[in-house]
Structure formats: C-alpha cells, structure tokens
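Coordinate inspection notes
As a plain string of letters, each chain reads:
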Amino acid sequence: MSNYSMSAKDVVALVERLDAHGVDACIGGGWGVDALLGEQTREHSDLDVWAPAAHLEPLFRAFAEVGVDRIFPWPNDRPWNFVLHDGDRLRVDLHLYERLADGSLHYGSVVDGGAFPAEALAGRGSIAGTAVRCESAEWAVRWHTGYEARDVDRHDVPRLCQRFGIPLPEGFEPLEESLPSGPKA
C-alpha cells in the first residue's frame, strides 16, 4: 500500500499554485478522468500534470511553495517525464511537452518522441467544484490503454467510455447496468 495520497483538496491547492505562477497546467491520469466525470470515483496516489517545458521554472517555484520539491526515483524517468514528491504523501507525475510550429504538441525526445494534437489536452472538467483543464476524454481513454491494463485502468476506461459515448476498447469489461432500487411491483 502506498503512503502517497492525493486528495481533491490537494489537487485544487496545487492547481491554484500553478495558476498563480502562470503555469499552463493540464490535469491527466486518474484525476483527469475524475475531472471529466465531475466527481471523484476512486482514491489517487498521485496527480499527473501536463505542462509546457518552457514553464518548468515557475512550475518548480509553485511546487516548492507547497513542499513538492524532491525527485521521486521512478522506473524509466526521462527529462520530459519524472515524478516529484514532498517526502510525505504528495506525489506529482510530471509530463513536459513543447508546442510545435503547426500547433501540435511534442512529447519525448527528438529520437523517440512524438507529436499529438493540442486538442488532446483541451478537456474541461472539475475537481471538488473547481474548474480545471484536463485531457480530453478520447485521449484519456487512449492513454489508459497503451499498455497492459491495471486495476485503475479497468476502473477508469469503462466510465469514460460510457459517459462520453466512446467505444469500449478490447479487453475492458463494460460497467454493470445500475438496477433500479425499491420494491418490485
């Protein structure tokens, strides 16, 4: 069991700090899913944040103000994707990108990175009543299915697909239909 825990209150506080420093942050991962759904549907051990690489310095300042100022060694860390933490319970999985001349976004190295449309990070949602920018539903599904599904993916993907009318990817079970409650006639 992880000691890391990212509550909705924590997320809102981090987003507010990033906004105060002019960081164009986009929420991804599980909190991005819950933002799109407009409610927290599960516990989260971290917060995924997409941000322009050019905003790294103000991002570090914003996180340092709340103590998220240490590198968390993570398998396959790269300069554009690494994890920060506060030494106690807050952890942020950071994804840095650069905007290309054609308006698309580039993630990764020049050797093995790739571009994706800016619309992928143009979703809108809310966390604890606070409006946030987040991954679009279609791209959230895509990014939750590019590897062997984990329990959190099997939880998140069907909810997104059901809510946004996205075809359920192969290997995912549909949500069970909610049965009406109350006495039978």
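Keep in mind the model is a prediction, meaning the values are calculated, not measured. (Residues numbered from 1 in each chain as written. Predicted model: local features only at pLDDT ≥ 70, side-chain atom pairs only at ≥ 80, totals over all residues. Heavy atoms only, no water.)

**So, the environment of Val92**
Worth spelling out the cut-off: Elements are defined by DSSP. Helices are runs of H or I of four residues or more, strands are runs of E of two residues or more, and each kind is numbered from the N terminus. The rule is simple: take the accessible area with a 1.4 Å probe, protein chains only, and divide by the maximum for that residue type; under 20% is buried, over 50% is exposed, in between is partly exposed. Residue contacts are counted whenever heavy atoms from the two residues lie within 4.5 Å of one another.
Locating Val92 in the fold gives a position in strand β5 (residues 91–99). Val92 sits in the buried class, given a relative accessible area of 0%. Taking the C-alpha atoms as reference points, Val92 and Asp46, separated by 46 residues in sequence, lie 5.4 Å from one another. Leave out the neighbours within four places in its chain, and Val92 touches Met6, Leu14, Leu47, Val49, Phe63, Val68, Phe82, Val83 and Leu84.

**Considerations on the packing of aromatic side chains**
Where we set the bar: Geometry of aromatic contacts follows a simple scheme: Phe, Tyr and Trp rings, the Trp one being its six-membered ring, pair when their centres are within 6.5 Å, and the pair is stacked under 30 degrees between planes, edge-to-face over 60, tilted otherwise. Cation placement over rings: the criterion is NZ of Lys or CZ of Arg within 6 Å of the ring centroid and within 35° of the ring normal.
All chains considered together, the criterion is met by 8 aromatic pairs. With centroids separated by 5.5 Å and ring planes inclined at 65°, the aromatic side chains of Trp50 and Phe116 adopt a geometry described as edge-to-face. Placement of Trp50 in strand β2 (residues 47–52) and of Phe116 in strand β7 (residues 114–116) is noted, with a sequence separation of 66 residues between them. Classification of Trp50 by relative accessible area gives buried; the value is 5%. Owing to a relative accessible area of 7%, Phe116 belongs among the buried residues under this scheme. Cluster of aromatic residues (ring-pair linked, three or more members): Trp50, Tyr97, Tyr107, Phe116, Trp139 and Trp143. Positioned over the ring face of Phe72 is Arg91, at 5.1 Å from the centre of the ring.

Remember that the coordinates give geometry; whether it matters functionally is a separate question.
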